[in-house]
Amino acid sequence: MNRESDANPFLQGNFAPWRVEGDAPDLEVQGELPHGLNGTFYRNGPNPAFEPAGRYHWFDGDGMIHAVMLRDGRASYRNRWVRNAGLGEERAAGRATFRGLLEMTPTEVPRFKNTANTNIVWHAGRLLALMEAALPTQLVPGTLETIGEWDFAGRLAGPMTAHPKIDPETGEMLFFGYSPFPPYLAYHVADPTGTLRRSEPIDLAWPSMIHDFAVTRDHVVFILCPLVFSFERVRERGGVFSWEPERGTRLGVMPRDGGNADVRWVETDAAYVFHPLNAYDEDGRIVLDVARYGRLDFMSAKAARDPGWEGDAVARLHRWTIDVAAGRVRSTPLDDVSCEFPRADERRLGKLA
């Protein structure tokens with residue numbers, strides 16, 4: 001019997017699952033850790049607890065949290081799976097019972113598991129493990145035990161992006177959620193105490209996978225790329241996404257204190273962006289730096305046959321300078337080296353570095 005792990009590059013090498021939870025209370029330190037460097041580094045990522053039941057995509061793996069704790073010149077380690085209800089079912093069965101994203105068919109959508117496998121953030125005293133298609137999952141900071149899904153005391157009815165932005169000046173957490181069904185996009189703001197204060201549906205020209213967004217001191221920027229949810233073409237493409245470059249890319253600029261009626265959309269060439277680097281306001285324009293793909297053929301029939309392939313596109317650092325008043329975008333390549341997951345100092349979020 002052939003296993004998915006024997007052929008899928010996202011289950012091999014550096015991506016191979018680590019199926020052990022454990023604690024290392026006193027790590028060996030090479031050199032010396034400053035006694036004033038105290039805190040915890042958290043890491044999240046997809047890590048399937050069982051051999052996949054079918055074709056596996058990187059996004060399918062169960063969330064596993066790794067924590068390295070520094071205190072008084074010493075270091076310790078702990079890792080735990082995020083104990084969602086789906087993983088609980090699989091542990092009881094002793095095998096994978098959920099099918100993955102590549103198993104979608106025109107007549108059936110696999111049962112959904114909140115894997116909480118993409119990011120982890122700390123806000124208002126809560127440690128939240130995130131994936132973009134579900135509610136966040138709250139964890140206990142010290143033990144990494146799972147508390148459960150957090151819906152902001154009943155105020156959040158839909159999913160939350162895996163890439164919220166925490167304003168370094170106000171302490172607010174700004175985020176959104178997207179869906180293949182109306183409303184396609186909703187924008188949210190939680191205050192420094194973690195209370196959800198604003199939720200605003202945003203009109204889109206088409207439903208798309210909107211993985212991330214950008215904020216400045218005064219604006220929010222939504223990135224609408226031509227990777228379209230297309231259930232009508234599932235059989236043809238072998239997946240729910242359709243790359244339709246003729247639509248171009250649209251950047252939606254909204255004042256931080258505005259709403260749907262205030263969003264101004266400007267167009268640029270077709271591209272896809274998983275992750276912006278940073279954005280800032282400058283002389284009446286918005287400067288937005290991103291890791292830009294020229295195209296992205298995502299979860300297509302070819303990707304299903306060869307899980308390591310999702311188009312020959314690579315991301316490169318790119319700058320969009322948005323002149324909302326003129327309705328123009330200046331598009332400028334910044335480097336020819338492929339890159340992904342760009343990060344800026346979060347103390348400079350929304351500002352010129």
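Rules and cut-offs
- Residues numbered from 1 in each chain as written.
- Predicted model: local features only at pLDDT ≥ 70, side-chain atom pairs only at ≥ 80, totals over all residues.
- Heavy atoms only, no water.
- 1 Å grid on protein atoms, 1.4 Å probe; cavity = no way out; pocket = protein on both sides within 12 Å on 5 of 7 lines; lining within 4 Å.
- Points joined across faces, edges and corners; volume = space filled by probe spheres on them.
- Nonpolar A, V, L, I, M, F, W, Y, C, P; charged D, E, K, R; others polar.
- Helix = DSSP H or I, 4+ residues; strand = E, 2+ residues; numbered from the N terminus.
- Buried < 20%, exposed > 50% of the residue type's maximum accessible area, 1.4 Å probe, protein only.
- Polar contact = N/O pair within 3.5 Å; in protein donor to acceptor, adjacent residues only side chain to side chain.
- Arc of directions from axis to C-beta.
- Contact = heavy atoms within 4.5 Å.
- Phe/Tyr/Trp six-rings, centres within 6.5 Å; stacked < 30°, edge-to-face > 60°.

**Q** Give a detailed account of empty space enclosed by the protein, specifying residues and quantitative values.
**A** A full pass over the atoms with the stated rule returns four cavities of 30 Å³ or more. As a volume, the largest cavity reaches approximately 60 Å³. Lining the largest cavity we find Asp167, Pro168, Glu169, Val215, Thr216, Arg217, Arg256, Leu349, Gly350 and Lys351. Split into classes, the residues belonging to the lining of the largest cavity amount to three nonpolar, two polar and five charged. The computed volume of the second largest cavity comes to approximately 40 Å³. Forming the boundary of the second largest cavity are His123, Ala124, Arg126, Leu128, Trp150, Phe152, Met173 and Gly194. Looking at the lining of the second largest cavity residue by residue, the class counts come to five nonpolar, two polar and one charged.

**Q** How would you explain the environment of asparagine 38 if you had to name every residue and give the values?
**A** Assignment of secondary structure puts asparagine 38 in the loop between strand S1 (22-24) and strand S2 (39-46). Note on asparagine 38: relative accessible area 35%, which makes it partly exposed. The spacing of asparagine 38 and glycine 284 is 246 residues in sequence and 41 Å in space, taken between C-alpha atoms. At 2.8 Å, the side chain of asparagine 38 and the backbone nitrogen of aspartate 72 are in polar contact.

**Q** Give me the layout of surface pockets: which residues, what numbers.
**A** Taken as a whole, the second largest pocket encloses approximately 180 Å³ of empty space. As for the second largest pocket, its lining consists of 15 residues, and the residues nearest its centre are Gly158, Pro159, Pro183, Ala186 and His188. Contributing elements (two or more residues each) for the lining of the second largest pocket: strand S10 (173-178), strand S11 (185-190) and strand S12 (196-202). Looking at the lining of the second largest pocket residue by residue, the class counts come to nine nonpolar, five polar and one charged.

**Q** Could you give an account of helix H1 (residues 85-93), naming the residues involved and the relevant values?
**A** Looking at H1, one finds that the buried residues are Gly86, Leu87 and Glu90. Around the axis of H1, the buried residues are gathered within 95° of arc, so they sit on the same side. Pointing more than 90 degrees away from the buried face of H1 are the exposed residues Ala85 and Ala92. Where H1 is buried, its residues meet strand S4 (74-81). Near the N-terminus of H1, the side chain that reaches the backbone nitrogen of glycine 86, with its oxygen 3.0 Å away, is that of asparagine 84. Positive backbone phi, approximately 75°, marks glycine 94, located one or two places after H1.

**Q** So, the packing of aromatic side chains: which residues are in play, and what are the values?
**A** Applying the stated criterion across every chain, the model contains 12 aromatic pairs. Ring centres of phenylalanine 10 and tryptophan 58 lie 5.1 Å apart, and the angle between their planes is 10°; on these two criteria the pair is classed as stacked. In this pair, phenylalanine 10 sits in the segment before S1 while tryptophan 58 sits in the loop between S2 and strand S3 (63-71), placing the two residues 48 residues apart along the sequence. Taking relative accessible area as the criterion, phenylalanine 10 reaches 15% and is therefore assigned buried. Measuring from centroid to centroid gives 5.4 Å for phenylalanine 15 and tryptophan 58, while their planes differ by 80°, and the two rings are edge-to-face. Within this pair, whereas phenylalanine 15 is found in the segment before S1, its partner tryptophan 58 is found in the loop between S2 and S3, the two being separated by 43 residues in sequence. Taken together, the aromatic side chains of Phe176, Tyr187, Phe213 and Phe222 make up a single cluster linked through ring pairs.

**Q** Before we move on, can you summarise unusual backbone geometry with the specific residues and values?
**A** Note that the residue after proline 182, namely proline 183, is joined by a cis bond; omega there is -10°. Within the element layout of this structure, proline 183 appears in the loop between S10 and S11. Even without glycine at this site, leucine 144 takes up a positive phi of about 65°. Residue position: leucine 144 is located in the loop between strand S7 (137-139) and strand S8 (146-149).

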